[in-house]
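The lines below spell out each chain.
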Amino acid sequence: MAASVAAAVGGLRRAFRRSPSWRGPGRRPLSSERAPARASAVRDAFLSFFRDRHGHRLVPSASVRPRGDPSLLFVNAGMNQFKPIFLGTVDPRSEMAGFRRVANSQKCVRAGGSHNDLEDVGRDLSHHTFFEMLGNWAFGGEYFKEEACSMAWELLTQVYGIPEDRLWVSYFGGDPKAGLDPDLESRDIWLSLGVPASRVLSFGPQENFWEMGDTGPCGPCTEIHYDLAGGTGAPELVELWNLVFMQHNREADGSLQPLPQQHVDTGMGLERLVAVLQGRRSTYDTDLFSPLLTAIHQAGSSSDPPSSRAVLYRGPAGTPWLPGQPGPGGGGDAARSYLLQGDTYPELQKSSTQIASLVSEDEAAFLASLQRGRRVIERTLRRLGPSDVFPADVAWSLSMSGDLGLPLDLVELMLEEKGVQLDSAGLARLAQEEAQHRAQQAEPAEEQGLRLNIHALGELQRRGLPPTDDSPKYHYCLRPSGGYEFGTCEAQVLQLYTEDGTAVASVGEGQRCGILLDRTNFYAEQGGQASDRGYLVRVGQQDVLFPVARAQVCGGFVLHEAVAPECLKVGDAVQLHVDKSWRLGCMEKHTAIHLLNWALRQALGPGTEQRGSHLSPERLRFDVATQAPLTPEQLRAVESTVQEAVRRDEAVYMEEVALALTAHVPGLRCLDEVYPDPVRVVSVGVPVAQTLDPASQAALRTSVELCCGTHLLRTGAVGDLVIVGERQLTKGTTRLLAITGEQAQQAREVGQSLAQEVEAATERLSRGSRDVVEAQQLSKDMGRLTDAVDTAVMPQWQRRELQATLKGLQRRANTAIRKLEIRQAAQKAQELLQRHPPEGSLIVDTISTESLSVLVKVVRQLCEQVPSSSVLLLSPQPLGHVLCACQVAQSATPAFTAEAWALAVCSHMGGKAWGSRVVAQGTGSTADLEAALSTARAYALNQL
C-alpha cells in the first residue's frame, strides 16, 4: 500500500503542476449499469442540487469580458464576478450585497495572463481555453469547510454516482515559512465522510493554497481527484473539484492576516466532470465536443495527414472563441456551432446573428493573415542556415503586436512544427520595448489616493456603522437666472485614517488623512465620473478650510481625502462645500455622455453597446462596440444629433425606482453591471414614470439610462459637443474623446481655420509651380499643415476629411516635384553631355542643384544615355555643404561598386554615404571641391 500511496503522491504532484493528458487506454468504466449522462443533464444536476437541496441562489454567468477589472483580460474563473464581496467593496445597496449562498455555471476563457492554456489546447486531451466552470459559494461565513466538503461528496457520490473508491482528496499541509499550520480540519472532515486515510494526502502552498493575486483574499484549498485507473495499477489522477476556503488576506508587505469574514469559493470544470461521467478519457470525446468535431471534420480537408488530424481538430474545438485556428479550416464553424447550441446561455442566442457574423468576418481575416504568415515564414527559412534561429523581428512582425495579428503562441507552434528554434531572447527584448512604448503612449494613470482596506471595512461593519448617506450630492437646483445652486451639508466625523490606512482618533496640522463622515454631499468617484473636489470647515470655525482633493467609496463608505491645516478629531461637526465649477463641469460632461450614447445608437443602430466611459470637467471618454471604425459622416451625424438635443434645452429627469421596474423597459440602455436597489434612472426629455410604462415607447425615442452620476437639469447647458479623437482600442471597440461648451466652440473655430488653410493650399497647387524649389516649398507646407491637422483639437469628422484631402494634395505635389525634377535633370544631363564625350568610361563633374533627388536623376539619365560610363556628380550647397550621387556601369561591377565610390569621396569630405553596388549617394562638407573631384577620379580609375 505504501508503494501505491507513493505513486499516487507522484501522480498528484504532476497533476498539480500541469493538468494530465489523460492518454492511454481505459482500464475500467465508471459504471456498467447506468447510461452516460448528457452534458446538459450534468450541468442541470449540479445547479438543481445546490438550489433545491441546499438553498443556493442561482446567478447567471457573467460576460467573459470583465467589467471594471483591469487586472483581467478575460473572466477566467467563476469567482471573478464576486470579487467585490471577497474584497469587502460591494455596494451595500446592490443585489450582490445580499448574496449568502449562490451557485452557477460560468463561461471562462484562459488565454493570456497568468492562466494561459493556449499552448496546450489540442495537444493533450483535457485543455481548453474556453470552458465552463461549475461553482458554489458561501459568503460571510454562511457555511464553511464542513458543509462545503459534505455537499461536494454528496453530489459526486450520491447524485452523480461516482464510486467512492475512485475519489482521492488533497488538503493543505501547512507552510512553516509563512507561519501557517496544516489544515487538519479539512483532513478530519474527509476522514469523517469515509475517505480512507490512504487517499487523503497533504501538499504545500504551491498545490493547496489559493491566492486571488499578489495581494487580497486567499486561503487553503482542498481538491477532489478522480482515479482513471480505477484501482488497477498505479493511480492516474485528474483534478475534478477545487474547494477554496478564504480565511486570510495577503497584505502589500507579503504578510498574511485573518479576514474579517470567511468565504467558500469552489470550482469544477464541466468538461472534465462530463468526461468522467461518460467514461471518456478525453474531454473531446464527450457530447460537449462531438458536434464541434463533426462540424470541423466536415469542413476539413481530406489531405490532412491522419496522424495530425486529431490535434488539428481539437485545436479549433478547444478554442471556439478564437476562430480560424490552424487546422483544416473549420474553426469558424466550430465557433458558430458552440456559441449557438442549446439554451444554457440565453445571452448567446439573443445575439446569435451578430456572433455568427463577427465570427465569419474574423475567420476570413484570420485565415488570410495565416496564409500570409506562412509565406513569410517559408521565405525567411530559405535565407537561414541550418543552425540559425528564427529572427525575433520577423516573428514580431507576424504577431498581434506587429502587422499580421497572429498570436505569438501560434507563430511559435508553426516554427516548432518545422523544427526551427525562435530567438526567444530577442523576442523578449522586443516585448519589453513594446511595453515601454505603450507605457509612454498610455494616458497617465490617476493616483489611487487613500482607500479603506478590507480590514478597515471589516471593522466598520463589525461596529455596525451604516453606509455613508451621500444623498445630499443630489441636492442642487437651477435658479431662475440660469445658474446652479449647490447646498452645503453638515456632518459628523466618524473616523479618521492616516496615509497608511491606520484608524486614529485625531489628525494634526499638515497631515494628509482620510475623513469618514456620517453623510456627505461630495460625489465619490464611480460610474466613470470623477470625484468632486471642495473643502470642509468645522461648524463654528468658518475661517479654517480643510481642502478635499477627492472622495472615494468602498463598501458604501465614502472616504474624503484631505490635508488638515490644524487638528481634527472624531466627533467634530463639519460643514462641506463642493467646488461648484468642478461639479458643474462633471454634470455637463455626464449629461453629454448620455446624449452621445443615444446619438451613437441613432447613427449606428439600436444594437450599439457602451463599453465604458470616464469623464472629468476637462473632457469625456466613451468606449463603444462597433463593427467597423466610424466614418466621418457618422461622426458628424452623431454630433448633429447631440447638438439638436442641446438646442431643444430639454429637461433631464432623475428618479430612484425599484430595480425590478427597469427590467422590461423598452430600449433601456444599461451595462451588464451590478446596480443598487433602488436604482437611479436618468431620462432626457421624458419623465421617468412615463419611460417605465411597459406599454410606452418613450424610452425608444430618447436617452434613458441607469446612472448614479450627477447631471444637468436641462440639456442646454452642455452648449455644444465635439468629438475630437477616435481610435480603435481593440477589434470591435472604438474609443471616442469629446469636449463640450466653450472648448467645443473653440475646436470648431480651429477646424474652420485649418479648413481654410487647406483650401488655400489646394488653390496654390492648382496654379502650379515654376521650379523645383517652389514645388518643394509647397510640399513642405503641405507636410506642416498635415501635422497641424493631425494634432489640433478639432472635430474628428473634419480632421478625417482634411487628412484625406491633404493626402491627395501631397501626392499631387510629389508628382509635380518629380516631373519638375525629371525636366530639370534632363536639362542638366544635356549640359554635361556637351562637356563629356559619349565614348568615355568615366564622368566626374559638378552641377548646380538644391536637391539630392535631382542630382540622382541627372546621374541616372547620364548612365541611360551613356551605358558604358560610370558617373559621379557633386553639387555645392551653402556653407560648404556638398551633395554627392554616383552610378557604376554594369560592365564595371562587381569589382567597382557605387557604394564604395561614394563612401571614398564623402569620407574625404568628412561626410557619409549610402546605397547599393550600382547606385549610391551621400553628403559632406569641403571648401576644396577640386580636391574632392580628384579623389573621385583617382578612386574610379584605380578600380577600372
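Higher on the page you've got the structure.
Analysis parameters
Residues numbered from 1 in each chain as written. Predicted model: local features only at pLDDT ≥ 70, side-chain atom pairs only at ≥ 80, totals over all residues. Heavy atoms only, no water. Pairing = 2+ DSSP bridges. Helix = DSSP H or I, 4+ residues; strand = E, 2+ residues; numbered from the N terminus. Axes fitted to C-alpha atoms, helices over the stretch in contact; angles between N-to-C directions. Left-handed = near helix turned anticlockwise from the far one by under 90°. Contact = heavy atoms within 4.5 Å. Salt bridge = Lys/Arg side-chain N within 4 Å of Asp/Glu carboxyl O. Buried < 20%, exposed > 50% of the residue type's maximum accessible area, 1.4 Å probe, protein only.

1. Looking at the sheet that holds strand β31 (residues 912–915)
- Ordered by their spatial adjacency, five strands build an open sheet running β28-β29-β30-β32-β31, and the pairing between neighbours is mixed. Every interior strand has two partners, whereas the edge strands, β28 (842–846) and β31, have only one. Here the strands of the sheet are splayed against their neighbours by 10° on average, with no regard to which way each runs.
- Relative to strand β29 (residues 870–876), β28 runs parallel, the two being bridged by five bridges.

2. A few points about the packing of helix α4 (residues 145–159) against helix α5 (residues 184–192)
- Two elements in contact, α4 and α5, have axes whose closest approach is 10 Å; the angle formed by their N-to-C orientations is 40°. Seen from above, α4 lies across α5 with right-handed handedness. Contact with α4, carried on its side by Lys145, Glu146, Cys149 and Trp153, involves Glu185, Ser186, Ile189 and Trp190 of α5 and no other residues of that element.

3. A look at the pattern of salt bridges
- Following the criterion strictly, the structure yields 37 salt bridges and no others.
- Here Glu95 ties to Arg57 by a salt bridge, and the two come within 2.3 Å at their closest N and O atoms. You can see Glu95 sitting in the loop between α3 (83–87) and β2 (101–109) and its partner Arg57 sitting in strand β1 (residues 57–58), a full 38 residues away along the chain.
- Residue classification places Glu95 among the partly exposed residues on the basis of a relative accessible area of 42%.
- The partner of Arg250 in a salt bridge is Glu211, with the nearest N and O atoms 2.7 Å apart. Residue Arg250 is found in strand β8 (residues 237–250), and its partner Glu211 is found in strand β6 (residues 209–211); the two are separated by 39 residues along the sequence.
- According to the relative accessible area criterion, Glu211 is partly exposed, its value standing at 30%.
- Several salt bridges converge on common partners, so that one network encompasses Glu499, Arg512, Arg550 and Glu561.

4. Some details on the pairing of strand β3 (residues 130–138)
- For β3, the tally of buried residues reaches nine of nine residues, placing the bulk of the element in the interior.
- Taken together, the nine bridges between β2 and β3 define a ladder with antiparallel strand orientation. By the bridge assignment for β3, Ser105 is matched with Leu134.
- By the bridge criterion, four bridges tie β3 to strand β9 (residues 256–269) in an arrangement that is antiparallel. Paired with Trp137 across the bridge in β9 is Asp265.

Honestly, it's all geometry; don't read function into it.
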